[in-house]
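The primary structure of each chain is shown beneath.
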Amino acid sequence: MRKKILVVDDEPSISMLIDFNLKLAGYDVRCVDDGEAVFDMLRSFRPDLIVLDLMLPKMDGIQVCRELRKQNNAVPIIMLTALQDVTDKIAGLDNGADDYMTKPFSPQELISRIGAIFRRLQTLPGSADETTYTIGQLTVLVEQREVRIGGKPIELTPKEFELLHFLCRHKGKVLSRQQLLHGVWDYHFLGDTRIVDVHISHLRDKIEKNARTPEYIMTVRNVGYKMHIPSYNESLA
């Protein structure tokens, strides 16, 4: 069955370009041109992924993204922005977007990123050597896609879960940002490593007692990150 993609952009030339190339790539595509129309479309069309422009009439991309996540809709979102300011891009990630692309962009790169997201969703559940990770007070149940700290459930976005899972699989090892981009986002090209930093920050906010002095996800200066095993949990490593 063909994957379904919803394209949300108020520039007809952009929508037509994306629509043409995604259909050529074998996807079932629908297009709408404002934020509110997303929720009308969702009543009859259940997308496997949304390509969402940041600047939209009636309801902008950030608001759409925030509302979808509030409704516990975990559909992957690639946000498009014509803005170069990194704070606008990070705002999209902060509100639940999985990735972003800056206009103008190559349709082939967009197709590549969409394919990367679908590959990750298909391969993640069966790709781990373990089904449960226990690191300190942190428990990650891979098959159930659940995370707990001291037995208390922690709510993560799909991409946050994938990142945490990848770090747990390689616990104790230093991973560069490029390795994380490749392993979690499946990027085989030079991606924007700020995506990694934003998601790491979100994870720390959710699983660490104090995000400024993390106990689990440690920064290795000028290299990347590693999942640290607290000293009281060394026997479980």
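One can find the structure itself at the top, above this paragraph.
A brief look at the structure comes next.

The rules behind these values
Residues numbered from 1 in each chain as written. Predicted model: local features only at pLDDT ≥ 70, side-chain atom pairs only at ≥ 80, totals over all residues. Heavy atoms only, no water. Salt bridge = Lys/Arg side-chain N within 4 Å of Asp/Glu carboxyl O. Helix = DSSP H or I, 4+ residues; strand = E, 2+ residues; numbered from the N terminus. Buried < 20%, exposed > 50% of the residue type's maximum accessible area, 1.4 Å probe, protein only. Contact = heavy atoms within 4.5 Å. Phe/Tyr/Trp six-rings, centres within 6.5 Å; stacked < 30°, edge-to-face > 60°. Lys NZ or Arg CZ within 6 Å of the ring centre and 35° of its normal. Axes fitted to C-alpha atoms, helices over the stretch in contact; angles between N-to-C directions. Parallel < 35°, antiparallel > 145°, perpendicular 65-115°, else oblique. Nonpolar A, V, L, I, M, F, W, Y, C, P; charged D, E, K, R; others polar. Pairing = 2+ DSSP bridges.

**Re the pattern of salt bridges**
- Applying the stated rule across the entire model yields 15 salt bridges.
- Notably, a salt bridge pairs Arg177 with Asp197, separated by 2.8 Å at the nearest N-O pair. Here Arg177 is found in helix 7 (residues 177–185), whereas its partner Asp197 is found in helix 8 (residues 194–207), with 20 residues between them in sequence.
- For Arg177, a relative accessible area of 21% corresponds to the partly exposed category.

**Quick look at the environment of Ser176**
- Checked against the element boundaries, Ser176 lands in strand 10 (residues 175–176).
- In this structure Ser176 comes out as partly exposed when scored by relative accessible area, which is 21%.
- Those residues in contact with Ser176 that lie beyond four places of it in its chain are Val223 and Gly224.

**Considerations on the packing of aromatic side chains**
- Tallied over the full model, the rule gives 1 aromatic pair.
- Geometrically, the ring pair formed by Tyr27 and Phe118 is tilted, given 6.0 Å between the ring centres and 45 degrees between the ring planes. In this pair, Tyr27 sits in the loop between helix 1 (12–24) and strand 2 (28–32) while Phe118 sits in helix 5 (residues 107–123), placing the two residues 91 residues apart along the sequence. By the burial criterion, Tyr27 is buried, and Phe118 matches it.
- In this structure, Lys3 is placed above the aromatic ring of Phe118, and the distance from its NZ or CZ to the ring centre is 5.0 Å.

**Some thoughts on the packing of helix 6 (residues 158–169) against helix 8**
- Between helix 6 and helix 8, whose axes approach to 10 Å, the crossing angle comes to 85 degrees. The angle between helix 6 and helix 8 places the two elements in the roughly perpendicular class. Judged by residue contacts, Lys159, Glu160, Leu163, Leu164 and Leu167 of helix 6 engage His199, Ile200, His202, Leu203, Lys206 and Ile207 from helix 8.
- Its residues placed into classes, the contact of helix 6 with helix 8 shows 6 nonpolar, 2 polar and 3 charged.

**Notes on the sheet that holds strand 9 (residues 152–154)**
- Ordered in space as 6-7-8-9, the 4 strands form an open sheet in which the pairing is antiparallel. Looking at which strands have only one partner, the edges of the open sheet turn out to be strand 6 (132–135) and strand 9. Each adjacent strand pair in this sheet contributes to an overall mean axis angle of 25 degrees, direction not counted.
- Contacts from helix 6 reach strand 6, strand 7 (138–141) and strand 8 (146–149), with the element oriented near 110 degrees to strand 7.

**Observations regarding the environment of Asp40**
- When you line up the elements, Asp40 lands in helix 2 (residues 35–41).
- Asp40 sits in the partly exposed class, given a relative accessible area of 45%.
- Expressed as a C-alpha distance, the spacing of Asp40 and Val29, which sit 11 residues apart in the sequence, is 15 Å.

**Let's talk about the pairing of strand 6**
- Side chains of strand 6 alternate between two faces, with Tyr133 and Ile135 buried and Thr132 and Thr134 left unburied.
- Bridge count for strand 6 against strand 7 is 4 bridges, and the pairing is antiparallel. Across the sheet, residue Thr134 finds its bridge partner in strand 7, namely Thr139.

**Here we look at the side chain of Asp19**
- If you trace the backbone, Asp19 turns up in helix 1.
- Looking at Asp19, the relative accessible area reads 18%, which means it is buried.
- Contact partners of Asp19, with chain neighbours within four places excluded, come to Val29 and Cys31.

**Focus: unusual backbone geometry**
- For the bond running from Lys103 to Pro104, omega is -10 degrees, close enough to zero to count as cis.
- One non-glycine residue with positive phi stands out, namely Lys58, at about 70 degrees.
- For Lys58, the position within the fold is in the loop between strand 3 (49–53) and helix 3 (61–70).
- Classification of Lys58 by relative accessible area gives exposed; the value is 65%.
- Although it is not a glycine, Asn222 adopts a positive phi angle of roughly 65 degrees.

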